[in-house]
Amino acid sequence: MTDFFSGMTTLQQAFWYLAFFASAIFLFQTILTFLGTDASADVDADFNGDFHNVEAPFELFTFRNLINFLLGFGWTGAAFYGKMNDYLLLAFATIVGLVFIAIFFIIIKQFMKLQEDNTFKIENTIGKTGSVYITIPAKKTGKGKVQLSINGSYHELDAVTEQQTSISTGENVKVLLVENNTLIVEKI
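Residues numbered from 1 in each chain as written. Predicted model: local features only at pLDDT ≥ 70, side-chain atom pairs only at ≥ 80, totals over all residues. Heavy atoms only, no water.

**Concerning the packing of aromatic side chains**
1) Next: Tallied over the entire structure, the rule returns nine aromatic pairs.
2) Next: Measuring from ring centre to ring centre gives 5.2 Å for Phe 4 and Trp 16, while their planes differ by 85°; the resulting arrangement is edge-to-face. Remark: Trp 16 occurs in helix α2 (residues 10-34) and Phe 4 occurs in helix α1 (residues 2-6); sequence separation between them is twelve residues.
3) Next: Residue classification places Phe 4 among the partly exposed positions, given a relative accessible area of 41%.
4) Next: Judged by its relative accessible area of 16%, Trp 16 is buried.
5) Next: Each ring, one from Phe 5 and one from Tyr 17, has its centre 4.6 Å from the other, and the planes form 25°; the classification is stacked. You can see Phe 5 sitting in helix α1 and its partner Tyr 17 sitting in helix α2, a full twelve residues away along the chain.
6) Next: Here Phe 5 falls in the buried class, since its relative accessible area comes to 5%.
7) Next: Put simply, the rings of Phe 4, Phe 5, Trp 16, Tyr 17, Phe 20 and Trp 75 touch in pairs and so form one group of aromatic residues. (Phe/Tyr/Trp six-rings, centres within 6.5 Å; stacked < 30°, edge-to-face > 60°. Helix = DSSP H or I, 4+ residues; strand = E, 2+ residues; numbered from the N terminus. Buried < 20%, exposed > 50% of the residue type's maximum accessible area, 1.4 Å probe, protein only.)

Shown next as structure tokens:
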């Protein structure tokens, strides 16, 4: 290995060392990712600030992004060394490193689109139709039950109606509003 580096300049050696180091860490991270562990080794810092409203699946300053940058930077420098001016090579390698981070960002965004939130939220019932499971008394004088399919699963929920007549078991209803986790429905 020392023979390989013996005829190289310091800059060329630095590119190769960075490329080998970043490749090894990247390979290790990739293997651990596919095994289902998180090998990002990001540092948790204690900050006093309001970050509760931040919904970013992608953080710029992480160990994984550093490795992605060094991977693009190191291999670009090693591959193009001697083909251009050193300053131009450093600028080009930096741009390629940033492109590697951007590509990783795009890949993560695409994976995030595959994510589906099937958490039941009673507000999602508004405008949906279902069938009466237990008779609903007229004019909100009592509660009945309605069965609705939301996100592919059935839910049995309390329901009332403002109509003058009760709604019998088996009849179809439409949800108008939600008040205190109780559906306000009308007969269809």
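**Considering the pattern of salt bridges**
1) Next: A complete count under the given rule lists four salt bridges for this structure.
2) Next: One salt bridge in this structure joins Lys 187 and Glu 171, with 2.6 Å as the shortest N-O distance. With a gap of 16 residues between them, Lys 187 in strand β5 (residues 182-187) and Glu 171 in the loop between β3 (153-161) and β4 (172-179) connect regions that are remote in the sequence.
3) Next: On the basis of relative accessible area, Lys 187 is assigned to the partly exposed category, the value being 41%.
4) Next: A cluster of three or more residues bridged by salt bridges with shared partners is formed by Lys 140, Glu 162 and Glu 179. (Salt bridge = Lys/Arg side-chain N within 4 Å of Asp/Glu carboxyl O.)

**Regarding unusual backbone geometry**
1) Next: Its identity as a non-glycine residue notwithstanding, Lys 140 has a phi of 55°, on the positive side.
2) Next: Its place among the elements puts Lys 140 in the loop between β1 (129-134) and β2 (144-150).
3) Next: On the basis of relative accessibility, which here comes to 37%, the residue Lys 140 falls in the partly exposed class.
4) Next: Its identity is not glycine, yet Asn 151 carries a phi of approximately 55°, on the positive side.
5) Next: Assignment of secondary structure puts Asn 151 in the loop between β2 and β3.
6) Next: For Asn 151, a relative accessible area of 45% puts it in the partly exposed group.

**Topic: the environment of Ile 136**
1) Next: Mapped onto the elements, Ile 136 comes out in the loop between β1 and β2.
2) Next: In the structure, Ile 136 is positioned ten residues away from Val 146 in sequence and 8.6 Å away in space, judged by C-alpha atoms.
3) Next: Among all residues touching Ile 136, those that are not within four sequence positions of it are Gly 144, Lys 145, Val 146, Ala 159, Val 160, Thr 161, Ser 166, Ile 167 and Val 185. (Contact = heavy atoms within 4.5 Å.)

**A short note on the packing of α2 against helix α3 (residues 63-80)**
1) Next: Closest axis-to-axis distance for the α2/α3 pair is 8 Å, and the angle between their directions is 140°. One finds that α2 runs oblique with respect to α3. Crossing angle aside, the handedness with which α2 passes α3 is left-handed. For the pair formed by α2 and α3, the contact residues are Phe 15, Trp 16, Leu 18, Ala 19, Phe 20, Phe 21, Ala 22, Ser 23, Ile 25, Phe 26, Gln 29 and Thr 33 on the first element and Phe 63, Arg 64, Ile 67, Asn 68, Leu 70, Leu 71, Phe 73, Gly 74, Trp 75, Gly 77 and Ala 78 on the second.
2) Next: Residues that form the contact of α2 with α3 fall into these classes: 16 nonpolar, six polar and one charged. (Axes fitted to C-alpha atoms, helices over the stretch in contact; angles between N-to-C directions. Parallel < 35°, antiparallel > 145°, perpendicular 65-115°, else oblique. Left-handed = near helix turned anticlockwise from the far one by under 90°. Nonpolar A, V, L, I, M, F, W, Y, C, P; charged D, E, K, R; others polar.)

**Overview of the sheet that holds β5**
1) Next: The strand order β1-β2-β3-β5-β4 describes a closed barrel built from five strands, whose pairing is mixed. Ignoring which end each strand starts from, the neighbouring axes of this sheet average 55° apart.
2) Next: Two elements, β2 and β3, share seven bridges in a ladder whose sense is antiparallel. Looking across to β3, one finds that Ile 150 is bridged to Ser 153. (Pairing = 2+ DSSP bridges.)

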